[in-house]
Amino acid sequence: MPVSSHRIAVTDACIFIDLIELQIVTPFFQLGDTPLQLEIHTTLEVLDELYPEQQQILKAYEAVSKLRVHAISAEDLKSFSLMTFPKALSQQDKSVIYMASKLEAMVLSSDKPVRKFANKIAIEVHGMFWIFDKLVEYELLTKEMAIAKIRQLMRSNLIYQNNMKLWQEANKRIKMWAND
């Protein structure tokens, strides 16, 4: 496989939902135009998991080649069925991990079982905080905007609300960006 200068990230539904809710989808897809050259991929299974209006937003990015959507082929299905996945993973989660494995890509997910399994099988995995870090690093979001959006995420997403470790991660960034 030829070495490329870009990085592929297979993204799950929870990341897309957060990006859409926070209205930061455009800056996220602009990461492909930065030195990071992040190429965003997902699976048809993930797209099907989203509401029609969320799908419509993402299909617009697919139409301009900013998002690549993979369908699991019959051949893929054979390889897929040979992998042993934890029971906690949905079919959509499995499709993300399988595709990341096939493409030698990272996974973008906030879902704990997905992150845990990806780590276990040595797939690089990142979540919303990493995305915020990159959006600030490449000046796609101002630090003030990132602080506002990370606070909105912490208030609106149940995954973050009752998790002290996630609050600490959020507050670390808020303090750092506020003091810069």
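The text that follows walks through the structure, step by step, so that each part is easy to find. (Residues numbered from 1 in each chain as written. Predicted model: local features only at pLDDT ≥ 70, side-chain atom pairs only at ≥ 80, totals over all residues. Heavy atoms only, no water.)

1. Let's talk about the packing of aromatic side chains
- Taken as a whole and assessed by the stated rule, the structure comprises four aromatic pairs.
- Between F28 and F29 the ring centres are 5.3 Å apart and the planes differ by 70°, which places this aromatic pair in the edge-to-face class.
- Judged by relative accessible area, F28 falls into the buried class, the value being 0%.
- Its relative accessible area of 2% is what places F29 among the buried residues.
- With a centroid separation of 4.2 Å and 10° between ring planes, the pair formed by F29 and Y61 is classed as stacked. Placement of the pair is F29 in helix α2 (residues 25-30) and Y61 in helix α4 (residues 52-63), with a sequence separation of 32 residues. (Phe/Tyr/Trp six-rings, centres within 6.5 Å; stacked < 30°, edge-to-face > 60°. Buried < 20%, exposed > 50% of the residue type's maximum accessible area, 1.4 Å probe, protein only. Helix = DSSP H or I, 4+ residues; strand = E, 2+ residues; numbered from the N terminus.)

2. Things to note about unusual backbone geometry
- Although it is not a glycine, Q37 adopts a positive phi angle of roughly 45°.
- Secondary-structure assignment places Q37 in the loop between α2 and β2 (38-43).
- In this model, A122 sits at a positive phi of 65°, which is unusual for a non-glycine residue.
- Following the sequence through the fold, A122 ends up in the loop between α7 (112-120) and β5 (125-126).

3. Looking at the nonpolar core
- Core analysis: the biggest nonpolar cluster contains 62 residues, and F16, M128 and F132 have the highest contact counts within it.
- By residue number, the principal contributor to this core is helix α8 (residues 128-137), which donates seven residues.
- Ignoring any residue separated from it by four or fewer positions in sequence, one finds M128 in contact with I15, D18, L19, L22, I24, S110, L153 and Y160. (Core = buried A, V, L, I, M, F, W, Y, C linked by side-chain atoms within 4.5 Å. Contact = heavy atoms within 4.5 Å.)

4. So, the sheet that holds strand β4 (residues 106-108)
- In space, the five strands of this open sheet follow the order β3-β2-β1-β4-β5, with parallel pairing throughout. A single partner strand is all that each edge strand has here, and the edge strands are β3 (67-70) and β5.
- By the bridge criterion, three bridges tie strand β1 (residues 7-11) to β4 in an arrangement that is parallel. For T11, the partnering residue across the bridge sits in β4 and is L108.
- Here helix α6 (residues 91-103) sits on the sheet and contacts β1, β2, β3 and β4; the angle it forms with β1, its principal contact strand, is near 165°. (Pairing = 2+ DSSP bridges. Axes fitted to C-alpha atoms, helices over the stretch in contact; angles between N-to-C directions.)

5. Some details on the pattern of salt bridges
- Tallied over the entire structure, the rule returns seven salt bridges.
- The salt bridge involving D33 is made with K66; its shortest N-O contact spans 2.7 Å. Note that D33 is positioned in the loop between α2 and β2 and K66 in the loop between α4 and β3, a separation of 33 residues in sequence.
- A salt bridge links D133 to R173; the nearest nitrogen and oxygen atoms lie 2.7 Å apart. Of this pair, D133 sits in helix α8 while R173 sits in helix α11 (residues 164-179), placing them 40 residues apart in sequence.
- One network of salt bridges, with partners in common, ties together D133, E169, K172 and R173. (Salt bridge = Lys/Arg side-chain N within 4 Å of Asp/Glu carboxyl O.)

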